[in-house]
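Here is what each chain is made of, one letter per residue.
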Amino acid sequence: MSIMIECENLVKIYKTLDFEVLALQGLDLTVEKGELMAIIGNSGSGKSTLLNMLGGLDRPSAGRLMVDGHDLLKISSSQLVEYKRRTVGFVWQNNARNLIPYLTAVQNVELPLILNSCSKKRQRANELLEMVSLTHRRNSRLQELSGGEQQRVAIAIALANQPSLLLADEPTGSVDHKTAGSLFELFQRLNRELNQTIVIVTHDRQLSRMVSRVVAIRDGRTSSEFLLRQSYTEELAKLKALGLAESDSETESSHEELVVLDRSGRLQLPREYLNALGIQGRDMMRAELEEGRIVLLPKAPAASSAPAAPAAPSVPGPGQATEH
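Participant: Explain empty space enclosed by the protein to me, and be specific about the residues and the numbers.
Facilitator: On inspection of all chains with the given rule, the structure shows one cavity of 30 Å³ or more. Of the voids in this model, the largest cavity is the one considered here, and its volume is about 30 Å³. Around the largest cavity, the lining residues are L99, I100, L103, T104, A105, N108, S140, R141, L142, L145 and V153.

Dropping the structure here:
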């Protein structure tokens, strides 16, 4: 398959008058065309920074970032405007950024079509609302729609100009768990029926298990990937249908976590492994090659180099002579 996204040693630095913040520090990531994947990470890990750069809302400081043949490090300002109009669609967590409140659902979807001089804008808008199962709400305004319905309209808007890449930043952050599940199922259907490339940033690890590939970002780098075990695919679908795929143990058994080795030979070990061994901060470890495996061991305790303490002077006991 061809590549949609290629990040190589990607760096992003935010500068102020007083200090610099290193948001991404050498991130590597590849996403194929037609792939549906999720990005997870704690607050401040760099996942939203990455999404903003993929969407053309921010520029990289260094490294390489290619999206559908566009070099986002070298792209001109005018090319960037066209890139945002044609190549990417964006769904925000905050519905106020997705929709204009005094317009109906169908009018909101029509807006990007008007800006791109679409001749059959109403027909296309109705097709998009049907695609997200919201035809019956096309004449409703923002305050008349539930949170899940508002996000469906936002997805229709993001798809209006047939983007190569659909980006979603915490699209289920403001809805309940059941609605979030239905939105993820919508993303799955769009990916399957349209072969739409979709990248979703989410903090919800339960929902992220509904996609076949999950990339974890920590401290501005790709730390690990979770890949769906093929033998668990059907079993996971049965659990979800019965509403039983709720606990971490059930969902985690469907995915295998793989540590990512970047192009410089660096890797990040899972935090729980380090905590179990009491490894913190910049602790050093020994690496040994053993029967085709790389084994990491705690560093050997440093040998004591302090000189031996001088012997205490001998005090003669009773009846013992001393030398003169």
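Participant: An account of the packing of helix α4 (residues 105-115) against helix α5 (residues 121-131) is requested, with residue identities and associated values reported.
Facilitator: At a minimum axis separation of 9 Å, α4 and α5 run at an interaxial angle of 125 degrees. In this view, α4 runs oblique relative to α5, as classed from their interaxial angle. Crossing of α4 over α5 shows right-handed handedness. Contact with α4, carried on its side by A105, V106, Q107, V109, E110, L113 and I114, involves K121, R122, R124, A125, N126, L128 and L129 of α5 and no other residues of that element. Along the lines of polarity and charge, the residues of the contact of α4 with α5 split into eight nonpolar, two polar and four charged.

Participant: Break down the environment of A158 for me, with residues and values.
Facilitator: With respect to the element layout, A158 can be found in helix α6 (residues 147-158). Expressed as a C-alpha distance, the spacing of A158 and V109, which sit 49 residues apart in the sequence, is 8.5 Å. In contact with A158, other than residues within four places in its own chain, are G89, F90, V91, P163 and L166.

Participant: I'd love a proper account of a nonpolar patch on the surface, names of residues and values included.
Facilitator: Residues Y14, F19 and V21 make up a contiguous nonpolar surface patch of roughly 260 Å² in combined accessible area. Looking at the element boundaries, F19 is found in the loop between β1 (3-15) and β2 (20-32).

Participant: Let's hear about the pattern of salt bridges: which residues, and what values?
Facilitator: Taken as a whole and judged by the stated rule, the model has 10 salt bridges. The closest approach of N and O atoms between E6 and R64, which form a salt bridge, is 3.2 Å. Taken as a pair, E6 in strand β1 and R64 in strand β4 (residues 62-67) lie far apart in primary sequence, 58 residues in all. Relative accessible area serves as the criterion here: at 32%, R64 is assigned to the partly exposed category. Here E149 makes a salt bridge to R137, at a shortest N to O gap of 3.5 Å. Of this pair, E149 sits in helix α6 while R137 sits in the loop between α5 and α6, and the two are 12 residues apart along the sequence. For R137, a relative accessible area of 22% translates into the label partly exposed.

Participant: Go over unusual backbone geometry with me, naming the residues and quoting the values.
Facilitator: With a phi angle near 50 degrees, Q162 is a residue other than glycine that sits in the positive phi range. Within the secondary structure, Q162 sits in the loop between α6 and β7 (165-169). Residue Q162 is classed as exposed on the basis of its relative accessible area of 62%. Of note, E291 is a non-glycine position whose phi angle comes to about 50 degrees, a positive value. With respect to the helices and strands, the residue E291 is situated in the loop between β12 (285-290) and β13 (293-298).

Participant: Tell me about the sheet that holds strand β5 (residues 70-71), residues and numbers included.
Facilitator: The strand order across the open sheet built from four strands is β2-β1-β4-β5, with neighbouring strands paired in antiparallel fashion. Looking at the sheet topology across the chains shown, the edges are occupied by β2 and β5. Note: β1 against β4, five bridges, orientation antiparallel. Each bridged residue has a counterpart across the sheet, and for V11 the counterpart in β4 is A62. The sheet contacts of helix α1 (residues 47-54) involve β1, β2 and β4, and relative to β1 the element is tilted by about 115 degrees.

Scoring rules and cut-offs
Residues numbered from 1 in each chain as written. Predicted model: local features only at pLDDT ≥ 70, side-chain atom pairs only at ≥ 80, totals over all residues. Heavy atoms only, no water. 1 Å grid on protein atoms, 1.4 Å probe; cavity = no way out; pocket = protein on both sides within 12 Å on 5 of 7 lines; lining within 4 Å. Points joined across faces, edges and corners; volume = space filled by probe spheres on them. Axes fitted to C-alpha atoms, helices over the stretch in contact; angles between N-to-C directions. Helix = DSSP H or I, 4+ residues; strand = E, 2+ residues; numbered from the N terminus. Parallel < 35°, antiparallel > 145°, perpendicular 65-115°, else oblique. Left-handed = near helix turned anticlockwise from the far one by under 90°. Contact = heavy atoms within 4.5 Å. Nonpolar A, V, L, I, M, F, W, Y, C, P; charged D, E, K, R; others polar. Patch = residues over 30% accessible without salt bridge, like charges linked within 9 Å, V, L, I, M, F, W, Y side chains within 5 Å. Areas by Shrake-Rupley, 256 points an atom, 1.4 Å probe, with all protein chains shown as cover. Salt bridge = Lys/Arg side-chain N within 4 Å of Asp/Glu carboxyl O. Buried < 20%, exposed > 50% of the residue type's maximum accessible area, 1.4 Å probe, protein only. Pairing = 2+ DSSP bridges.

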